[in-house]
Amino acid sequence: MCDIPNALALVHRSAGVIMPVSIDESIPFPFPLSLISPEDYSQLLDYMRSTQTPTATILMTEPVKDVMAPTVVSISSRGPSPITPDILKPDLAAPGLNILAAWSPLGGASISPWDDRTVDYFVISGTSMSCPHVTGVAAFVKAAHPSWSPAAIMSALMTTATIMDSRKNADAKFAYGSGQIDPLKALNPGLIYNASEADYVNFPRKEGDNTTLARIISGDNSTCPSNELGKAWDLNYPTFALSLLDGETVMATFPRTVTNVGTPKSKQHLLCKGFNAIPIHCYCTTISSFLLTGWRGEIIHC
């Protein structure tokens, strides 16, 4: 039993260790180890102190259904974005906890500085694991739709994501964004929110005429026309976000253009739902048609 932080030196030669942990990611140690919750650890200590001959039995592992899954873990960052709060962040949720992944032999086999073993695979958590999942799905969609822009692919990933349960995620949309990524549904999103490079180059002006940022995005000498200042809401993004101070009153318009990449002549229904006494009004008009891979589609302005 060990509940001393950073006690690796004390237990390095132990036959086995039980430690309390309050985080939800696995930690690789160089010795046999069981990590249990602080509550279970306290009960275990009470039992050991109640008898002079404490005993324990190791049983066969049994699969247990996690009723809280899927949920966003504690180590994942939350929104809103401190830079642009009117763009909802994060965009998506993807697998990133305790992922068995390829590992460099230079990385070591555990967190112990005395562990000189090498391994080819390692259990890892974090953005380093969730990003490859999303990248793989994006490549999967790109292979099916080679002509789609990066913005179109991102829209497909976001609009087809599985909405997660806010009762299991206290931060709701600021924890999981559009929801949990769904590779198969992303192949056929029906409608997409597309955006060009020019849209993103012009985006900094929405935030206050930031020519430096525009040039970082474009890689050239682009400028932000100061006479065309707008709002972040104008970006043709797959989500809608509005940051307000307590007691602040504002009227915001979110212009969006969606492109039908699904069944030709399909009928789409627009559903608007207000919340917390905030009225929302929506309307759509078809503004143009286009020919794509042999069939006609429509661009709809909302």
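These figures come from a predicted structure and were not determined experimentally. (Residues numbered from 1 in each chain as written. Predicted model: local features only at pLDDT ≥ 70, side-chain atom pairs only at ≥ 80, totals over all residues. Heavy atoms only, no water.)

## Details of the overall build of the protein chain
No. 1: Within the protein chain, the regular secondary structure consists of 8 helices and 8 strands.
No. 2: The buried share among the 302 residues of the protein chain stands at 31%.
No. 3: Long-range contacts, defined here as pairs at least 24 residues apart, represent 55% of the contacts in the protein chain between residues at least 6 apart. (Helix = DSSP H or I, 4+ residues; strand = E, 2+ residues; numbered from the N terminus. Buried < 20%, exposed > 50% of the residue type's maximum accessible area, 1.4 Å probe, protein only. Contact = heavy atoms within 4.5 Å.)

## Concerning the pattern of salt bridges
Side chains bearing opposite charge may pair, as long as their charged atoms lie close to each other.
No. 1: All told, the structure shown has 4 salt bridges when counted by the stated rule.
No. 2: Salt-bridge contacts for Asp-171 lead to Arg-78; the nearest nitrogen and oxygen are separated by 3.0 Å. Placement of the pair is Asp-171 in the loop between α4 (150–159) and α5 (173–176) and Arg-78 in the loop between α2 (38–50) and β3 (99–102), with a sequence separation of 93 residues.
No. 3: By relative accessible area, which is 31% here, Arg-78 ends up partly exposed.
No. 4: For Lys-89, the salt bridge is made with Asp-91, and the minimal N-O distance between the two is 2.8 Å. (Salt bridge = Lys/Arg side-chain N within 4 Å of Asp/Glu carboxyl O.)

## Points about the environment of Thr-160
No. 1: Its place among the elements puts Thr-160 in the loop between α4 and α5.
No. 2: With 30 residues separating them along the chain, Thr-160 and Gly-190 place their C-alpha atoms 9.2 Å apart.
No. 3: In this view, Thr-160 contacts Asp-182, Lys-185, Ala-186 and Pro-189; residues no more than four positions away in its chain are not counted.
No. 4: Engagement of the side chain of Thr-160 in a polar contact is seen with the backbone oxygen of Ala-156, the distance being 2.6 Å. (Polar contact = N/O pair within 3.5 Å; in protein donor to acceptor, adjacent residues only side chain to side chain.)

## Notes on the layout of surface pockets
No. 1: Computed from the structure, the second largest pocket encloses a volume of approximately 1100 Å³.
No. 2: Contributing to the lining of the second largest pocket are 41 residues, with Val-72, Val-73, Ser-76, Ala-94 and Gly-96 lying nearest its centre.
No. 3: Within the residue set of the lining of the second largest pocket, elements represented by two or more residues are α3 (127–144) and α4.
No. 4: Among the elements that line the lining of the second largest pocket, the one with the most residues is α3, at 4 residues.
No. 5: Residue composition of the lining of the second largest pocket, grouped by class: 23 nonpolar, 12 polar and 6 charged. (1 Å grid on protein atoms, 1.4 Å probe; cavity = no way out; pocket = protein on both sides within 12 Å on 5 of 7 lines; lining within 4 Å. Points joined across faces, edges and corners; volume = space filled by probe spheres on them. Nonpolar A, V, L, I, M, F, W, Y, C, P; charged D, E, K, R; others polar.)

## Concerning the packing of aromatic side chains
No. 1: Inspection of every chain in the model, using the stated rule, returns 4 aromatic pairs.
No. 2: Ring geometry for Trp-103 and Phe-122: centres 4.3 Å apart, planes at 25°, overall stacked. In this pair, Trp-103 is assigned in the loop between β3 and β4 (121–124) and Phe-122 in strand β4, connecting sequence segments 19 residues apart.
No. 3: Judged by its relative accessible area of 26%, Trp-103 falls in the partly exposed class. (Phe/Tyr/Trp six-rings, centres within 6.5 Å; stacked < 30°, edge-to-face > 60°.)

## Digging into the side chain of Asp-115
No. 1: Within the element layout of this structure, Asp-115 appears in the loop between β3 and β4.
No. 2: Given a relative accessible area of 13%, Asp-115 falls into the buried group.
No. 3: Polar contacts involving the side chain of Asp-115 include one to the side chain of Ser-110, which spans 2.7 Å.
No. 4: A distance of 2.8 Å separates polar atoms of two side chains, one belonging to Asp-115 and the other to Arg-117.

## What to know about unusual backbone geometry
No. 1: Cis geometry marks the peptide bond from Ala-69 to Pro-70; its omega dihedral reads -5°.
No. 2: Checked against the element boundaries, Pro-70 lands in the loop between α2 and β3.
No. 3: The omega angle of the peptide bond from Gly-79 to Pro-80 is 0°, so this bond is cis rather than trans.
No. 4: With respect to the element layout, Pro-80 can be found in the loop between α2 and β3.
No. 5: Residues other than glycine seldom take positive phi values, yet Asn-98 does so here, at roughly 55°.
No. 6: For Asn-98, the position within the fold is in the loop between α2 and β3.

## Re the confidence of the model for the protein chain
No. 1: The predicted model of the protein chain averages 81 in pLDDT, with 81% of residues at 70 or higher.
No. 2: Mean pLDDT across the elements of the protein chain bottoms out in strand β8 (residues 295–301) (47) and peaks in helix α6 (residues 183–186) (97).
No. 3: Of the regions scoring below 50 in pLDDT, residues 287–298 engages in 23 contacts with residues more than four places distant in sequence or in other chains. (pLDDT = per-residue confidence, 0-100.)

## Here we look at a nonpolar patch on the surface
No. 1: Taken together, the side chains of Leu-100, Tyr-121 and Val-123 define a hydrophobic patch exposed on the protein surface, amounting to about 330 Å² of accessible area.
No. 2: Among the structural elements, Tyr-121 can be located in strand β4. (Patch = residues over 30% accessible without salt bridge, like charges linked within 9 Å, V, L, I, M, F, W, Y side chains within 5 Å. Areas by Shrake-Rupley, 256 points an atom, 1.4 Å probe, with all protein chains shown as cover.)

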